[in-house]
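A closer look at the structure
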Amino acid sequence: MAKKHRPRPVKPKPKPPVPIREENLHRYSIIALFILPLFFYGRLLFSGAMMFGTDFIGAGGYAAHQFMADYIRKHLTIAFWQPQILCGQPTVAAFYGDLFYPTIFLRLFLPVHIVWSWTFYLQTCLAGLGTYFFLKELKLNTISAFLAGVAYMFSGSILTLAYAGHDGRLIGTSLMPLAIFFLTRGMNRRQIIWFALTGMILALQLLSGHIQKVYYTGLILAAWFLFNLIRTIKEEKKAQSALTPSAPSFRTRRGIPFWSRGASLIGYFVLTIIFAGALAAIQYLPIYGNLPYGARGAERGYEFATSWSMPIAETFDLLTPNFSGGLWNYWSKNPFKLHSEYLGILPLLFALIALCRSWRKPEVKFFFFTFIIALLMAWGGNTPFYRIPYYLLPGLNKFRGPGMIFFIAGFSISALSGYGINYLLTSSEPAETRKGFRFLLYAGGVLFLLFLFFLSARNAAVSIFAPGPRLAQFEANYPALTTGILFSVIIWFIGTGIVFFVIRNRLNPLFFNIIVTLLMTLDIGISLKLWDNNKGYIRTMPPPQEHFAPDEVVRFLKNDTSLYRVLPLHYERSDEGELWLYNIHSTGGQMPNPLQTYQDFIGA
């Protein structure tokens, strides 16, 4: 009887090594995270031009920053009252922006508009840096952590905030990864210094003036802390089971009871929150004292809390920012939209690899479910789900704009993409990797079918998405929609080709890193028109001495040197702070939290 021939098992080819030392690669990655945002902000940082922002230019942001910087330079203390707008209003007690954020010191020596541009640049860098260090702490390789950092700092949740001038939202969004990194290192090393640094980051978020972003950061920090605490206890119990029977059954190898180790971590976490509150008290104690008198800070019902929810259909903006119309042809449910959720196509591709091939990793499951929950909360009142957190989470009912939580979903996708890249670069299972590759082809096919649907079924798309009174905007945006999805299909299949060469060991990890970085930068830059000064989210405009030059109204009023206030009924530049900049007192203007008595007096 002939013996059956058994083929020899094929040994997987080892992944080609990175032709650079690890410590140098780490150093270059950090430098690159500071260089890459210059592609978008460089023309602002060194030209003297001013960056446009609707709140910064059109809502008195520049005037407020300039007023406070001038006052501190002259009096060596902060102004607690500003008399120029709304017949006089408090400053510290009324959420006066980033009054105690470190950038205030820069504004004492540099022009306000220059510090403004540098703030957006540096916070973008910190977003990438925090994500990079966090994933390195989770033992991902340097390239994976770096590319995930690029994905998050180039996400719409970061870059598109420039157009609205939402520096507070940007600071909160960009500092969140640093907070979760310090918390993770603190739990890993059980050293209180890292918990203190977590508290410091939370305090800086609070001092940025956007408490809602801090609230959402607190939610993911609490979830991540509980997730790791439970894992730590389980792992230590498993380690204890391997000890000899003579060892105490309620102790770990170090002889420390489980409850004691868990209690110490819980104690550190509680101290972190207390420390953050203590550091931010300089701004929030006056705010708390002013709450009964301010226009904000009260619960106004479920309908108010769910205003500015993210429409479910706008989830398609993850595939192309052209779907909902963006800045020019917005057709969806909210009054307008000044930002985008788009992260780029490659982060979605690599995140899909992580879900397919690294699902057993607890961290992958955590970020997947975090993405789902954050997305459901961002949808707000468009689903019944939001009633659960609305009634269960204390303080959530005082916020509006649930869509602001989407940055947590974007961060989760970025972290998942890091795990997907890490699998590609370290996997020694070619057969399993090729299965994942085929799944990418199937997903690309679905994306291509979606393009064909929009290309050939325009009337069906109108009936499905029902733009209603904004049908004209939907129609005007439709060519951009189809072009945007086609561009996404192209990027997806380019990314799939890159994965193919990595699987075949025909692409060096360092070249893979460079190609993917450039492709992600081009994708986000082209899709969001970041280099387009007329249609993009990052725009330059003339410097303040030109834009805020005194017009005929200011020149006329400055002739009167007596004490008076103006009622700017038909002066279109009143909210910009044009009068404020020239110390002309007004009954109008804008500020974050005016006195309720004054609002009642003017009938607002």
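Residues numbered from 1 in each chain as written. Predicted model: local features only at pLDDT ≥ 70, side-chain atom pairs only at ≥ 80, totals over all residues. Heavy atoms only, no water.

What follows concerns the packing of helix 7 (residues 142-153) against helix 22 (residues 509-527). The geometry of helix 7 relative to helix 22 is characterised by a closest axis approach of 10 Å and an angle of 5° between their N-to-C directions. Taken together, the axes of helix 7 and helix 22 lie roughly parallel to each other. For the pair helix 7 and helix 22, contact is made by Ile 143, Phe 146, Leu 147, Val 150 and Ala 151 and by Pro 509, Leu 510, Phe 512, Asn 513, Val 516, Thr 517 and Met 520, respectively. Of the residues in the contact of helix 7 with helix 22, the class split is ten nonpolar, two polar and no charged. (Axes fitted to C-alpha atoms, helices over the stretch in contact; angles between N-to-C directions. Helix = DSSP H or I, 4+ residues; strand = E, 2+ residues; numbered from the N terminus. Parallel < 35°, antiparallel > 145°, perpendicular 65-115°, else oblique. Contact = heavy atoms within 4.5 Å. Nonpolar A, V, L, I, M, F, W, Y, C, P; charged D, E, K, R; others polar.)

To continue, consider the environment of Tyr 121. Looking at where Tyr 121 falls in the secondary structure, it is placed in helix 6 (residues 112-137). On the basis of relative accessible area, Tyr 121 is assigned to the buried category, the value being 7%. Once the C-alpha coordinates of Tyr 121 and Phe 493 are considered, the two residues, 372 residues apart in sequence, prove to be 31 Å apart. In contact with Tyr 121, not counting residues within four places along its chain, are Phe 34, Pro 37, Leu 38, Tyr 41 and Leu 45. (Buried < 20%, exposed > 50% of the residue type's maximum accessible area, 1.4 Å probe, protein only.)

Backbone phi values are negative for most residues with the exception of glycine, while trans is the configuration of most peptide bonds. The phi dihedral of Lys 139 falls on the positive side, at around 75°, and the residue is not glycine. Take Lys 139: it is sitting in the loop between helix 6 and helix 7. By relative accessible area, Lys 139 is classed as exposed at 72%. Despite not being glycine, Asn 583 shows a phi value in the positive range, around 60°.

For the rest of this paragraph, the subject is the environment of Phe 225. Position of Phe 225 relative to the elements: it lies in helix 12 (residues 211-241). The exposure class assigned to Phe 225 is buried, which follows from its relative accessible area of 3%. In this structure the C-alpha to C-alpha distance between Phe 225 and Phe 269, which are 44 residues apart in sequence, comes to 8.2 Å. Setting aside anything within four residues of it in sequence, one finds Phe 225 in contact with Leu 183, Met 187, Leu 265, Ile 266 and Phe 269.

Glancing now at the pattern of salt bridges. Within the structure shown, the criterion is met by eleven salt bridges. Of the charged contacts, one joins Lys 337 and Glu 314 as a salt bridge, the two residues approaching to 2.7 Å between their closest N and O atoms. In this pair, Lys 337 sits in the loop between helix 14 (302-305) and helix 15 (345-357) while Glu 314 sits in the loop between helix 14 and helix 15, placing the two residues 23 residues apart along the sequence. Linking Glu 576 and Arg 573 is a salt bridge whose minimum nitrogen-to-oxygen distance equals 3.2 Å. On the accessibility criterion, Arg 573 (14% relative accessible area) is buried. Connected via shared salt-bridge partners are Glu 314, Asp 317, Lys 337 and Glu 341. (Salt bridge = Lys/Arg side-chain N within 4 Å of Asp/Glu carboxyl O.)

Turning our attention to the side chain of Ser 332. Mapped onto the elements, Ser 332 comes out in the loop between helix 14 and helix 15. You can call Ser 332 buried: its relative accessible area is 9%. Polar side-chain contacts of Ser 332 include one of 3.0 Å to the side chain of Glu 314. Once residues within four sequence positions are removed from consideration, Ser 332 is found in contact with Pro 311, Glu 314 and Arg 470. (Polar contact = N/O pair within 3.5 Å; in protein donor to acceptor, adjacent residues only side chain to side chain.)

Once that is clear, we can look at empty space enclosed by the protein. Within the structure shown, the criterion is met by six cavities of 30 Å³ or more. Its boundaries defined by the atoms lining it, the largest cavity holds a volume of some 80 Å³. The wall of the largest cavity is formed by 13 residues, among which Ser 157, Arg 169, Lys 213, His 339 and Met 404 lie closest to the centre. For the lining of the largest cavity, the secondary-structure elements that each account for two or more residues are helix 8 (156-159), helix 10 (167-189) and helix 18 (406-426). Counted as a void, the second largest cavity has a volume near 40 Å³. Every residue along the wall of the second largest cavity is listed here: His 65, Asp 98, Arg 107, Val 112, Val 115, Trp 116, Thr 119 and Asp 167. (1 Å grid on protein atoms, 1.4 Å probe; cavity = no way out; pocket = protein on both sides within 12 Å on 5 of 7 lines; lining within 4 Å. Points joined across faces, edges and corners; volume = space filled by probe spheres on them.)

Right, let's get into a nonpolar patch on the surface. Taken together, the side chains of Phe 439, Leu 441, Tyr 442, Phe 448, Leu 449, Leu 452, Leu 455 and Phe 493 make up a nonpolar region of the molecular surface, amounting to roughly 750 Å² of accessible area. Here the element with the most residues in the nonpolar patch is helix 19 (residues 430-456); it accounts for seven residues. Among the secondary structure elements, Leu 455 is positioned in helix 19. The class for Leu 455 is exposed, based on a relative accessible area of 52%. (Patch = residues over 30% accessible without salt bridge, like charges linked within 9 Å, V, L, I, M, F, W, Y side chains within 5 Å. Areas by Shrake-Rupley, 256 points an atom, 1.4 Å probe, with all protein chains shown as cover.)

Attention now moves to the packing of aromatic side chains. For the coordinates displayed, the defined rule picks out 52 aromatic pairs. With centroids separated by 5.7 Å and ring planes inclined at 45°, the aromatic side chains of Phe 67 and Trp 580 adopt a geometry described as tilted. In this pair, Phe 67 is assigned in helix 4 (residues 61-75) and Trp 580 in helix 25 (residues 578-581), connecting sequence segments 513 residues apart. Accessibility expressed as a relative area gives 12% for Phe 67, which makes it buried. Trp 580 sits in the buried class, given a relative accessible area of 7%. A ring pair is formed by Tyr 152 and Phe 411, whose centres lie 5.4 Å apart and whose planes are at 85°; its orientation type is edge-to-face. Residue Tyr 152 is located in helix 7, and its partner Phe 411 is located in helix 18; the two are separated by 259 residues in the primary sequence. Exposure remark for Tyr 152: the relative accessible area of 0% places this residue in the buried category. Accessibility expressed as a relative area gives 0% for Phe 411, which makes it buried. (Phe/Tyr/Trp six-rings, centres within 6.5 Å; stacked < 30°, edge-to-face > 60°.)

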